[in-house]
Amino acid sequence: MTKARTLADFDTTSINASVLTGTLPALNGSALTNLPASGITMAETIILTSDASISTGGSVINFDSVYTGDNAGGVGTGLTNSSGEYTFPATGHYLLTAFVSARNNSSDHFLEESILVLQSYNGSSWSDAATARFAIPTLGSYHVYGNGKLSYLFDITNTSTQKFRLNFVAYGGGSSRACVVTGVGDQMRSGFQIVKLADT
């Protein structure tokens, strides 16, 4: 005869699920804690809504609007912008992808090289973290366009001291030149996308 066993007879610290038989009861997970968040918790696209004149020597680009057109999506609390300097909403690992469309200036058509520069702030100083170099060829007095793109993976551990900005500078004949980064309010022409991939 099989001896009946009570719950105390079982070692509940090492139950082998592979030998369990029968229909198991449904589990209620409402009381579970300390579980990691599932999926993407923050993502947004920031664009330049009008042309930005870049002075000789370069300028910080102030991408000024969250893009919401044409079924564009976004998740969670976004970045904080202060004159082109961006602060993260929370600590974590973030993937940034920036893109620009630039052209020669109306009064200075002589361009050879353009550089999009991602700068990172560590609480005391700015440093160049990534660059994208591309050509804007000269064609008489016509506007000629070029496009650049860069990406960077941030590990943000302190939102008070860690931030970023995007600079732009153009050169012609070995000297810095004025140019224009182009923007428009109803499409992604120049801007960046940021996605939080995981907690830090």
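Everything that follows concerns the structure shown earlier in this document.
Everything quoted here is computed from the prediction, not taken from an experiment.

What about the pattern of salt bridges?
So, step 1. A complete count under the given rule lists four salt bridges for this structure.
So, step 2. Between E85 and R165 there is a salt bridge, with its nearest N and O atoms 3.7 Å apart. Taken together, the positions of E85 in strand 6 (residues 85-87) and R165 in strand 11 (residues 162-172) put the pair 80 residues apart, joining distant regions of the chain.
So, step 3. Using a relative accessible area of 15% as the deciding quantity, one classes R165 as buried.
So, step 4. Measuring nitrogen to oxygen at the nearest pair gives 2.8 Å for the salt bridge that ties E113 to R133. Taken together, the residues span a long stretch of sequence, with E113 in strand 8 (residues 113-122) and R133 in strand 9 (residues 126-134) at a distance of 20 residues.
So, step 5. Among the residues examined, E113 registers a relative accessible area of 28% and is labelled partly exposed.
So, step 6. Given a relative accessible area of 56%, R133 falls into the exposed group.

A word on the nonpolar core
So, step 1. One finds I61, F63, L116, F164, F168 and F192 to be the most contacted residues of the largest nonpolar core, which totals 34 residues.
So, step 2. At five residues, the largest contribution of residues to this core is made by strand 7 (residues 92-104).

Observations regarding the packing of aromatic side chains
So, step 1. Using the criterion set out here, one finds 11 aromatic pairs in the structure.
So, step 2. Between Y152 and F154, the ring centres sit 4.9 Å apart and the planes meet at 70°, which makes this aromatic pair edge-to-face.
So, step 3. Ring plane angle 80° and centroid distance 5.6 Å describe the contact between F164 and F192, whose orientation is recorded as edge-to-face. Here the residue F164 occupies a position in strand 11, and F192 occupies one in strand 14 (residues 191-198), the gap between them amounting to 28 residues.
So, step 4. One aromatic cluster in this structure is built from F63, Y86, F88, Y94, Y152, F154, F164 and F192.
So, step 5. Against the face of W126 rests R165, its NZ or CZ located 4.1 Å from the ring centre.

Conventions we followed
- Residue positions are given per chain, counted from 1 along the sequence in the order it is written.
- Per-residue local features are limited, in this predicted model, to residues with pLDDT of at least 70; the limit for side-chain atom pairs, both in listing and counting, is 80 or more; totals at the level of whole chains, interfaces and linings are taken over all residues.
- As a convention, hydrogens and water are excluded, and side-chain values are obtained from all of the structure's heavy atoms.
- Salt bridge, as used here: a side-chain nitrogen of Lys or Arg that lies within 4 Å of a carboxyl oxygen of Asp or Glu.
- Helix and strand assignments come from DSSP, with helices taken as H or I runs of at least 4 residues and strands as E runs of at least 2, each series counted from the N terminus.
- Think of it in three bands: with a 1.4 Å probe and only protein chains considered, a residue is buried below 20% of the maximum accessible area for its type, exposed above 50%, and partly exposed in between.
- Here, the term nonpolar core denotes a set of buried Ala, Val, Leu, Ile, Met, Phe, Trp, Tyr and Cys residues that are joined through side-chain atoms within 4.5 Å.
- Pairing of aromatic rings covers Phe, Tyr and Trp, the last through its six-membered ring, and needs centres within 6.5 Å; plane angles under 30 degrees mean stacked, over 60 mean edge-to-face, and all others mean tilted.
- As a reminder, the over-ring test applies to NZ of lysine and CZ of arginine, requiring each to be within 6 Å of the ring centre and within 35 degrees of the ring normal.

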